[in-house]
Each structure stands twice: as structure tokens, then as C-alpha cells.
Amino acid sequence: SNGSQHNQQQQQYQRSSSSIRTRIAVRVTFCIVCTLFAEFFSSGFVHIVSFIGCFCVSIVGFVLPPLFAIQLSNQHNKMGRSSSGEPNQNGDVENEMFFCDAAILVVGVVATVITSTLTFRELMMRA
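Here the structure is a predicted model, which is why all the values come from computation and not from measurement.

**Notes on the overall build of the protein**
- Broken down by element type, the protein carries 3 helices and 0 strands.
- N-terminal to C-terminal, the α/β element order of the protein is α-α-α.
- For the protein, with 127 residues in total, the buried portion stands at 14%.
- Summarising the internal contacts of the protein: among those between residues at least 6 apart in sequence, 80% fall at separations of at least 24.
- Entry remark: accessible area of the protein is about 10200 Å², with carbon and sulfur atoms responsible for 65%.

The structure is reproduced here in C-alpha cells:
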């Protein structure tokens, strides 16, 4: 029993060290790609920062909040059902909120795509 526990611990350690190596490799590769990208467009560093800011702010401001609201609403609806499986009495309000969140999510994705595309085009024109 003691020997099998030791083998299991050793296998778990090997898996976790492999996972750590993979994470490190991905991060190092990402840093190298970002460095090469910045070097290639070094004259337009401001535009690169502008593109990253445009993309990130759009995602954080317009896409993630309604997406999280939809996920939380779905979790709440699953937990809010009675033992007979019938939905609670607030179904109409919840449907309205879902469609409102979905509409905001669509607008956020469209805004992110448009602003990122325009900023990237400007970046390419100046490079």
C-alpha cells in the first residue's frame, strides 16, 4: 500500500511538473511573439498599444458583463426550480432580462470586431 501511494504521488508530481513546463513554454513563446511583433512594428508602438487597448476595453466593457449575467441567470434558473421541475413565477421578467443581455452581448461583439478591425487597418497602413 505504501509503495503504491509513493508511485501515485510520483506520477502526480510528474504530471504537475509537465503541466508547469507546458505553461512556462506557452508564456515564453507568447512573450517572444509579442517582442517580435513589437520589434516588427517598432515605429508604430503607440498604434500597437492602441489596438491592444481597443480590443481589451471592448471585451471587458461590452462583452464580458452581459456574458456573465447570462451565465449567472442560467445558474439561478437551474437552482430556482421547484422539486416538481416547474419554473418560478418570474419567468417573463427573466426572459426579458435574457434578451436584453443577449442584445447587449451581440452589440458588444460587433463593436469589438469593428473597432479592432479599424484600429488594425490603421496599424497596417502606418507600418
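**Observations regarding the packing of aromatic side chains**
- Using the criterion set out here, one finds 1 aromatic pair in the structure.
- Their ring planes at 70° and their centres at 5.6 Å tell us that Phe98 and Phe99 sit as a pair that is edge-to-face.

**Some words on helix H2 (residues 45-79)**
- With 35 residues, H2 should reach 51 Å at 1.5 Å per residue; the first-to-last C-alpha distance of 49 Å fits that figure.
- When the local axis directions of H2 are compared, the greatest deviation, roughly 35°, occurs at Leu64, which is followed within four positions by the proline Pro65.
- Taken as a whole, H2 has its buried residues at His47, Ile48, Cys54, Ser58, Val63, Pro66 and Ile70.

**Overview of the side chain of Ser116**
- Here Ser116 shows up in helix H3 (residues 91-126).
- Once residues within four sequence positions are removed from consideration, Ser116 is found in contact with Phe51, Cys54 and Phe55.

**Regarding the environment of Phe98**
- Here Phe98 lies in helix H3.
- For the pair formed by Phe98 and Pro66, sequence separation is 32 residues and the distance between their alpha carbons is 9.0 Å.

**Describing a nonpolar patch on the surface**
- On the surface, Ile20, Ile24, Val28, Ile32 and Leu36 cluster together into a nonpolar patch covering about 470 Å² of accessible area.
- Among the secondary structure elements, Leu36 is positioned in helix H1 (residues 2-40).
- Classification of Leu36 by relative accessible area gives exposed; the value is 55%.

Parameters and conventions
Residues numbered from 1 in each chain as written. Predicted model: local features only at pLDDT ≥ 70, side-chain atom pairs only at ≥ 80, totals over all residues. Heavy atoms only, no water. Helix = DSSP H or I, 4+ residues; strand = E, 2+ residues; numbered from the N terminus. Buried < 20%, exposed > 50% of the residue type's maximum accessible area, 1.4 Å probe, protein only. Contact = heavy atoms within 4.5 Å. Areas by Shrake-Rupley, 256 points an atom, 1.4 Å probe, with all protein chains shown as cover. Phe/Tyr/Trp six-rings, centres within 6.5 Å; stacked < 30°, edge-to-face > 60°. Expected span 1.5 Å × (residues − 1). Bend = angle between axes of the 7 residues up to and from the residue. Patch = residues over 30% accessible without salt bridge, like charges linked within 9 Å, V, L, I, M, F, W, Y side chains within 5 Å. Salt bridge = Lys/Arg side-chain N within 4 Å of Asp/Glu carboxyl O.

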